[in-house]
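Each chain, written out:
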Amino acid sequence: MNKVIVIGSGIGSLSTAIRLKAKGFDVEVFEKNSSPGGKLSTIEIGKYRFNTGPSLFTMPHFVDELFEILDENPREHFNYIKKDITCRYFWDDGKKFTAYDDLEKFINECELKFDVKKSLILKYLKKSKKKYDLTENIFIKKSLHKLKNLISFETLKALIKINTFQLFKSLNEVNEKELKNKYLVQLFNRFATYNGSSPYKTPGMMTAIQNAEKYYGTYIPEKGMGDITNSLFNLAKRHGVKFYFNSNVSEIIINDHIAKGIKVNNKNFYSDIVVTNSDVYNTYRFLLKDKRRIKALEQERSSSAIIFNWGIKKTFKELDLHNIFFSNNYEEEFDYIFNKKELYFDPTIYINITCKDLPSDSPEECENWYVMVNSPYNNEQDWDKIKVELKINILKKLNKILGDNVEKYIEEEKITTPLEIESTTNSYKGSLYGTSSNSIFSAFLRHPNFSSEISNLYFCGGSVHPGGGIPLCIMSGKIISDLIKT
Ligand SMILES: Cc1cc2nc3c(=O)[nH]c(=O)nc-3n(C[C@H](O)[C@H](O)[C@H](O)COP(=O)(O)OP(=O)(O)OC[C@H]3O[C@@H](n4cnc5c(N)ncnc54)[C@H](O)[C@@H]3O)c2cc1C
């Protein structure tokens, strides 16, 4: 076996292609768009540059590893800056909080703004780290769907400490009990959105997510988020991975339950192994023409988002790279997103302003605002109507908290709804992170990285194990590479 075809060129695909190349395979990537990266891309509007998808970069060592396995020094090709401030938080009542990277400063700020004891925060963070450490190797770095991985010393160690995981309480219940202060609870509840879930449904285990930000820190690539894609794409090309763009794969060729290749524009391309980075739902329904009821495909999708890219003719000193303006009623907001499947009238607003760290991303004395609100996945809502109403609600909230009239500074605008996310990246229902983690079984019900019915067919990216977000998608490539024997 020596030839691998990968369908799609998202971050999960790039990780897989690089790792399989390092193992000696010939790798070819077929992408329907004209450029690589899928969700992890950037756009230019007038003189402004914006991210199209991910804006938060953590665990950069996972990217570095991809250079290292091909014996390259990542620092010669890809560099990033560690942020001193991870995020600025704002509430309607005037409360503000700066989340510092430095633990001492973070805790001092908690004491000052929320009147909580140092020991309480330290205990909470320590517990979250323990959850992460106990599960990293079981849930993130290996296939959950191979018995030999589950029967291990690590699993036994985790099972003995099962109470540590707080599986039978929601993240919100755990945070309310342990953090006590309503602002802090909301702040730490927000980490459920890092995998598109609700803090009122996802289990207490998910306090582990904030460990990625608090323990590893947050970063910005020196050339912007798009450079994660570009530098990995160039790395893959330097080592001989072949890319075919504008190549929409219409079918995976199966012969006698063995994957044999793909079909693009009615032409067959054969390989020994096929890896699909296309959303698992679309892979089954369209590429495998499989219409059966499959449990993994019926899992609740993660949340989606509406994004306003605004070129702003002003600078706002109180804002940083990452900024959050919280809703007054977080519980109701998530009820709207996941139960009613509607946009909440008082949404939590995230603003990403990359020119704070990368000045060339906007003209002088201007800022590139990427304004994102979590939304339900596409359930055939009237997105044209929703985006008009949402813009009014966003501006009302921002004007109140910032004490200004933001609308008068908007000189460029592009609005992205779940519909566009779905059509540009083939992400089923426009979900950002594949399936949600709104149940304690979510991790087990996510589709494995291999097919148990079709030999030589593998799955990578955010819609399969271990889940969405840049670090986990990169790990899906590692798991596949460990599963494929040379
Ligand atoms: C708005 C938004 C904000 C986000 N914020 C963050 C964040 O801050 N931090 C973070 O870590 N993550 C974030 N995420 C999630 C993160 O972007 C994704 O989990 C990750 O990028 C998904 O990568 P992937 O490998 O699944 O591929 P995708 O990015 O989904 O790409 C799949 C690729 O496959 C191609 N493709 C699909 N079907 C076919 C076909 N039939 N033929 C050929 N090509 C095909 C698509 O065109 C696409 O290029 C965000 C996502 C979005 C959309």
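For the structure given in this document, a descriptive report is provided here. Predicted, not measured: the structure shown is a model, and the values here were computed from it.

Rules used in this analysis
- Residues numbered from 1 in each chain as written.
- Predicted model: local features only at pLDDT ≥ 70, side-chain atom pairs only at ≥ 80, totals over all residues.
- Heavy atoms only, no water.
- Pairing = 2+ DSSP bridges.
- Helix = DSSP H or I, 4+ residues; strand = E, 2+ residues; numbered from the N terminus.
- Salt bridge = Lys/Arg side-chain N within 4 Å of Asp/Glu carboxyl O.
- Buried < 20%, exposed > 50% of the residue type's maximum accessible area, 1.4 Å probe, protein only.
- Contact = heavy atoms within 4.5 Å.
- Patch = residues over 30% accessible without salt bridge, like charges linked within 9 Å, V, L, I, M, F, W, Y side chains within 5 Å.
- Areas by Shrake-Rupley, 256 points an atom, 1.4 Å probe, with all protein chains shown as cover.
- Lys, Arg positive; Asp, Glu negative; His and termini not counted.
- Charge placed at Lys NZ, Arg CZ, Asp CG, Glu CD.
- Phe/Tyr/Trp six-rings, centres within 6.5 Å; stacked < 30°, edge-to-face > 60°.
- Core = buried A, V, L, I, M, F, W, Y, C linked by side-chain atoms within 4.5 Å.
- Axes fitted to C-alpha atoms, helices over the stretch in contact; angles between N-to-C directions.
- Left-handed = near helix turned anticlockwise from the far one by under 90°.
- Nonpolar A, V, L, I, M, F, W, Y, C, P; charged D, E, K, R; others polar.
- Near = heavy atom within 4 Å.
- Polar contact = N/O pair within 3.5 Å; in protein donor to acceptor, adjacent residues only side chain to side chain.

1. Remarks on the sheet that holds strand β5 (residues 57-58)
Pairing between the strands of a sheet is mediated by backbone hydrogen bonds and can be parallel or antiparallel.
Phase 1 of the analysis: Across the sheet, 3 strands lie side by side as β5-β9-β6; this open sheet has antiparallel pairing. The strands lining the two open edges of the sheet, one partner per strand, are β5 and β6 (80-82).
Phase 2 of the analysis: As paired strands, β5 and strand β9 (residues 218-221) are joined by 2 bridges and run antiparallel to one another. Note on β9: the bridge partner recorded for T58 is T218.

2. Things to note about the pattern of salt bridges
Phase 1 of the analysis: Counted according to the given criterion, the structure contains 27 salt bridges.
Phase 2 of the analysis: As a salt-bridge pair, K3 and E28 come within 3.5 Å of each other at their nearest N and O atoms. Here the residue K3 occupies a position in strand β1 (residues 3-7), and E28 occupies one in strand β2 (residues 26-30), the gap between them amounting to 25 residues.
Phase 3 of the analysis: On the basis of relative accessible area, E28 is assigned to the buried category, the value being 10%.

3. Let's talk about the environment of L66
Phase 1 of the analysis: Within the secondary structure, L66 sits in helix α2 (residues 61-68).
Phase 2 of the analysis: Considered as a pair, L66 and A99 are 33 residues apart in the sequence and their alpha carbons are 30 Å apart.
Phase 3 of the analysis: Not counting residues up to four positions away in its chain, the partners in contact with L66 are S15, I18, R19, L232, L235 and I474.

4. Some thoughts on a negative patch on the surface
Phase 1 of the analysis: Taken together, the side chains of E173, E176, E331 and E332 make up a negatively charged region of the molecular surface.
Phase 2 of the analysis: Counting only elements with at least two residues in the negative patch, the list comes to α7 (171-179) and α12 (330-340).
Phase 3 of the analysis: Take E176: it is sitting in helix α7.

5. So, the packing of aromatic side chains
Phase 1 of the analysis: Summed over all chains, the structure comprises 40 aromatic pairs.
Phase 2 of the analysis: Plain terms: the ring middles of F57 and Y80 are 6.0 Å apart, the flat faces sit at 85° to each other, and that makes the pair edge-to-face. With F57 in strand β5 and Y80 in strand β6, this residue pair connects regions lying 23 residues apart in the sequence.
Phase 3 of the analysis: Owing to a relative accessible area of 0%, F57 belongs among the buried residues under this scheme.

6. Concerning the nonpolar core
Where a protein is soluble and globular, its nonpolar side chains tend to be buried together.
Phase 1 of the analysis: With 49 residues, the main nonpolar core has V27, I228, L232 and V275 as its most contacted residues.
Phase 2 of the analysis: Among the elements that take part in this core, helix α16 (residues 470-483) stands out by supplying 7 residues, more than any other.
Phase 3 of the analysis: Not counting chain neighbours up to four residues away, the residues in contact with V27 comprise V4, V6, A17, L20, K21, G240, V241 and K242.
Phase 4 of the analysis: A99, F188, A305 and F334 belong to the second-largest nonpolar core, a separate cluster that totals 39 residues.

7. With respect to the packing of α7 against helix α8 (residues 182-189)
Think of two packed helices as two axes; the pair is described by the angle between the axes and how far apart they sit.
Phase 1 of the analysis: Between α7 and α8, the least distance of the axes is 9 Å, while the angle of their chain directions is 145°. Relative to α8, the crossing made by α7 is right-handed. Judged by residue contacts, L171, N172, N175, E176 and L179 of α7 engage L184, V185, F188 and N189 from α8.
Phase 2 of the analysis: Split into classes, the residues belonging to the contact of α7 with α8 amount to 5 nonpolar, 3 polar and 1 charged.

8. Some words on the sheet that holds strand β11 (residues 249-255)
Phase 1 of the analysis: An order of β11-β12-β13 is seen for the 3 strands of this open sheet, with the pairing classed as antiparallel. Edge positions in the open sheet fall to β11 and β13 (267-270), since each of these has one partner strand only. Shown here is a sheet whose adjacent strand axes are inclined to one another by a mean of 35°, direction ignored.
Phase 2 of the analysis: Pairing analysis gives 6 bridges linking β11 to strand β12 (residues 258-264), with the strands arranged antiparallel. Looking at β12, one finds that I252 is bridged to I262.

9. What to know about the pairing of strand β4 (residues 48-51)
Phase 1 of the analysis: Here strand β3 (residues 42-45) runs beside β4; their pairing, made up of 4 bridges, is antiparallel. Within β4, the position partnered with I43 by the bridge is F50.
Phase 2 of the analysis: The antiparallel pairing of β3 with β4 creates a hairpin that spans 2 residues between the two strands, and G46 there sits at a positive phi of about 55°.

10. Some remarks on the site of the ligand
Phase 1 of the analysis: Neighbouring the ligand are 37 residues, the closest being G12, E31, K39, G462 and G469.
Phase 2 of the analysis: Here an oxygen atom of the ligand sits 3.3 Å away from a polar atom, N or O, in the side chain of N33.
Phase 3 of the analysis: S278 places a polar side-chain atom, nitrogen or oxygen, 2.8 Å from a nitrogen atom of the ligand.
Phase 4 of the analysis: Relative to its unbound accessible surface of 1,000 Å², the ligand loses 95% to contact with the protein.
Phase 5 of the analysis: For the shell around the ligand, the secondary-structure elements that each account for two or more residues are α1 (11-22), α14 (418-425) and α16.
Phase 6 of the analysis: When residues in the shell around the ligand are grouped by element, the largest group, 3 residues, is from α16.
Phase 7 of the analysis: Broken down by class, the residue content of the shell around the ligand amounts to 13 nonpolar, 21 polar and 3 charged.

11. Section: the side chain of S431
Phase 1 of the analysis: Tracing the backbone shows S431 in the loop between α14 and α15 (442-445).
Phase 2 of the analysis: Overall, S431 belongs to the buried group, its relative accessible area being 0%.
Phase 3 of the analysis: Dropping the residues within four chain positions of it, S431 is found in contact with K39, R301, S302, S303 and S304.

12. Some points on α8
Phase 1 of the analysis: Where burial is concerned, most of α8 is hidden: 7 out of the 8 residues are buried.
Phase 2 of the analysis: Every buried residue of α8 is listed here: Y183, L184, V185, Q186, L187, F188 and N189.
Phase 3 of the analysis: Measuring from the backbone nitrogen of Y183 back to the side-chain oxygen at the start of α8 gives 2.8 Å, which picks out N181 as the cap.

13. Side note on unusual backbone geometry
Phase 1 of the analysis: A cis amide bond, omega 5°, links H465 with the succeeding residue P466.
Phase 2 of the analysis: Inspection of the secondary structure puts P466 in the loop between β20 (457-459) and α16.
Phase 3 of the analysis: Even without glycine at this site, D256 takes up a positive phi of about 55°.
Phase 4 of the analysis: Along the chain, D256 falls in the loop between β11 and β12.
Phase 5 of the analysis: In this model, E365 sits at a positive phi of 60°, which is unusual for a non-glycine residue.
Phase 6 of the analysis: Within the element layout of this structure, E365 appears in the loop between β17 (349-353) and β18 (367-375).
Phase 7 of the analysis: Residue classification places E365 among the exposed positions, given a relative accessible area of 59%.

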